[in-house]
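# Coordinate analysis (summary)
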Amino acid sequence: MTIIVTGGAGFIGSAVVRRLIRETGETIVNLDKLTYAGNLESLGAARDNPRHVFEQVDICDMAAVQAVLARHKPRAIMHLAAESHVDRSIDGPGEFIQTNVVGTFTLLQAARAYRETLAAEARGQFRFHHVSTDEVYGTLGETGLFTEETAYSPNSPYSASKASSDHLVRAWGETFGLPAVVTNCSNNYGPCQFPEKLIPVLILKALKGEKLPIYGKGENVRDWLYVEDHAEALCLVMEQGRIGETYNIGGNAERQNIQVARAVCAILDDLLPNSPHRPHESLISFVADRPGHDARYAIDASKIARELGWKPRESFESGLRKTVSWYLENRDWWQRILSGDYRVERIGLGKEASR
Ligand code: NAD
Ligand code: TYD
């Protein structure tokens, strides 16, 4: 049997591919365009496993997507390919509309046509799993949690493009009978996260003794989910989630950004007793806020716990220590990224609105 994972060279997709190669006997087709965020090195040993097949394809390219489906005849598609960074979506929303909206549309059309070619049994078993974000729900005040019933209210170009894609998936299920499940998860962290998101930015800048940029007052809250816990939840939903349903996935780990920064600094102080930058907390620096910065995200993950028996294994403290250790032990992985065109510079203030 074969599963297609789109975005399998990205942060979460690579964790899913590693897990599927490790835990199943199936062939995993990794369909990825390899944008700036895609890196086959994140796959580790799975990359060279004979059951891992890499297809360098843009999800917006209908003919190429159709050819991959016809060639590999998957029983399921797990769709993770996306433009994923809010700050980039502020400077250049066009790519987000293209990949997240048009790309998802293309994939849905291709999946629908492909499913029609299957014999009755395989057609009945086929499923399309769309991976999305809690950011589609907008922002919370000081209390409350996002549930699967929370109304959509996206505030950034990124979250609006993901909300659009969620709506398309839902419509393809209702109108065309495409058997689809959707998951909306909170902020992930862990090994192989591209150094543009908060936690790797903090780690890599602190290692170099550079200032740690905290947007606004650092009071914004995110609900942190360890990426391996997320990958486990995704595989479970792909297998056992009820068609037509949405499942929220969260880490039960709400933290203010300033708390996250202090926690990273404390772990670095501990792991690097001879660092000239200790105490790393002295590097924290408050900078201009992100436009449209959502105040708080927090997930009620009781549905997936109740229906599928999933809950996160890592606490924020254990997951963060593993993450910081991973970046210390895998300098090659990020040094190759930093030597390219991305250099942990501040983006997302909306000054490059033409793209
Ligand atoms: P990522 O940016 O690390 O990886 C995205 C991957 O998609 C890359 O490998 C990239 O090459 C590929 N890709 C981009 N455009 C493509 C295209 N047009 N065709 C084919 N491949 C393309 O993203 P991530 O953090 O791993 O996120 C994966 C999914 O999870 C996304 O759909 C994202 O919206 C969602 N999500 C992420 C988080 C998070 O905290 N990282 C939270 C909630 C939801
Ligand atoms: P990020 O990792 O970009 O994820 P998202 O915007 O999808 O939640 O940001 C997480 C939080 O950290 C968010 O509130 C913005 C903030 N942030 C900073 O304070 N400094 C930074 O350098 C970055 C990248 C983010």
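Residues numbered from 1 in each chain as written. Chains lettered and ligands numbered in written order. Predicted model: local features only at pLDDT ≥ 70, side-chain atom pairs only at ≥ 80, totals over all residues. Heavy atoms only, no water.

## Notes on the overall build of the protein chain
- Along the protein chain, the regular secondary structure elements total 12 helices and 13 strands.
- Taking 20 Å as the expected radius of gyration for a compact globule of 355 residues, we find that the protein chain reaches 20 Å, a close match to that expectation.
- In terms of overall dimensions, the protein chain has C-alpha extents of about 65 × 45 × 45 Å along its principal axes.
- Of all 355 residues assigned to the protein chain, the portion counted as buried reaches 56%.
- In the protein chain, once contacts between residues fewer than 6 apart in sequence are set aside, the share between residues at least 24 apart is 81%. (Helix = DSSP H or I, 4+ residues; strand = E, 2+ residues; numbered from the N terminus. Rg over C-alpha atoms; globule rule 2.2 N^0.38 Å. Buried < 20%, exposed > 50% of the residue type's maximum accessible area, 1.4 Å probe, protein only. Contact = heavy atoms within 4.5 Å.)

## Looking at the site of ligand 1
- Within the structure, ligand 1 sits among 28 residues, and I12, D32, S84, Y158 and K162 are positioned closest to it.
- Y158 is positioned with one of its side-chain polar atoms (N or O) 2.7 Å from an oxygen atom of ligand 1.
- Taken by itself ligand 1 offers 840 Å² of open surface, and the protein chains cover 97% of this.
- Contributing elements (two or more residues each) for the shell around ligand 1: α1 (11-23), β5 (127-133) and α6 (157-176).
- Sort the elements by how many residues they give to the shell around ligand 1 and β5 lands first, with three residues.
- Looking at the shell around ligand 1, its residues break down into 13 nonpolar, 11 polar and four charged. (Near = heavy atom within 4 Å. Polar contact = N/O pair within 3.5 Å; in protein donor to acceptor, adjacent residues only side chain to side chain. Areas by Shrake-Rupley, 256 points an atom, 1.4 Å probe, with all protein chains shown as cover. Nonpolar A, V, L, I, M, F, W, Y, C, P; charged D, E, K, R; others polar.)

## Things to note about helix α7 (residues 198-207)
- Judged by how many residues are buried, α7 sits mostly within the fold: nine of 10 residues are covered.
- Restricting attention to buried positions, one finds in α7 the residues I199, P200, V201, L202, I203, L204, K205, A206 and L207.
- On its buried face, α7 is in contact with β7 (188-189), β8 (212-215), α9 (257-271), α11 (316-329) and α12 (331-338).

## Some details on empty space enclosed by the protein
- Here the structure, examined in full by the defined rule, presents two cavities of 30 Å³ or more.
- By volume, the largest cavity is sized at about 40 Å³.
- If you trace the largest cavity, you find it lined by V86, E135, S156, R222, R290, G292, H293, D294 and Y297.
- Partitioning the lining of the largest cavity into residue classes produces two nonpolar, three polar and four charged.
- Approximately 30 Å³ is the volume attributed to the second largest cavity.
- If you go around the second largest cavity, the residues you meet are A9, G10, F11, A37, N39, S42, C192, F194 and W333.
- Of the residues in the lining of the second largest cavity, the class split is six nonpolar, three polar and no charged. (1 Å grid on protein atoms, 1.4 Å probe; cavity = no way out; pocket = protein on both sides within 12 Å on 5 of 7 lines; lining within 4 Å. Points joined across faces, edges and corners; volume = space filled by probe spheres on them.)

## Focus on the packing of aromatic side chains
- Following the criterion strictly, the structure yields 15 aromatic pairs and no others.
- Ring centres 5.0 Å apart and planes at 85° place the aromatic pair W326 and Y327 in the edge-to-face group.
- For Y327, a relative accessible area of 0% translates into the label buried.
- Residues W326 and W333 carry aromatic rings whose centres are separated by 5.3 Å and whose planes lie at 70° to one another, so their mutual orientation is edge-to-face. Each of the two residues, W326 as well as W333, counts as buried. (Phe/Tyr/Trp six-rings, centres within 6.5 Å; stacked < 30°, edge-to-face > 60°.)

## As for the site of ligand 2
- By nearness alone, 17 residues border ligand 2, and E135, P213, R222, R290 and H293 come closest of all.
- Take P213: an N or O atom from its main chain is 2.8 Å from a nitrogen atom of ligand 2.
- Within the side chain of R222, one N or O atom sits 2.8 Å away from an oxygen atom of ligand 2.
- Protein chains shield 96% of the accessible area of ligand 2, which is 510 Å² for the free molecule.
- When contributions to the shell around ligand 2 are tallied by element, the ones reaching two or more residues are α7 and β8.
- Ranked by residue count, the leading element in the shell around ligand 2 is β8, at three residues.

## Examining the pairing of strand β2 (residues 27-32)
- For β2, the buried fraction is high: five of the six residues fall into the buried class.
- Sheet topology note: the strand β1 (residues 2-6)/β2 ladder contains five bridges and is parallel. Across the sheet, residue T2 finds its bridge partner in β2, namely T27.
- With respect to chirality, the unit in which β1 leads through α1 into the neighbouring parallel β2 is right-handed.
- The sheet contact formed by β2 and strand β3 (residues 52-56) spans five bridges and is parallel. Residue pairing in the sheet places I28 in a bridge with H52 of β3. (Pairing = 2+ DSSP bridges. Right-handed = clockwise from strand over helix to strand, strands pointing away.)

Without other data, these values stay purely geometric and don't point to any function.
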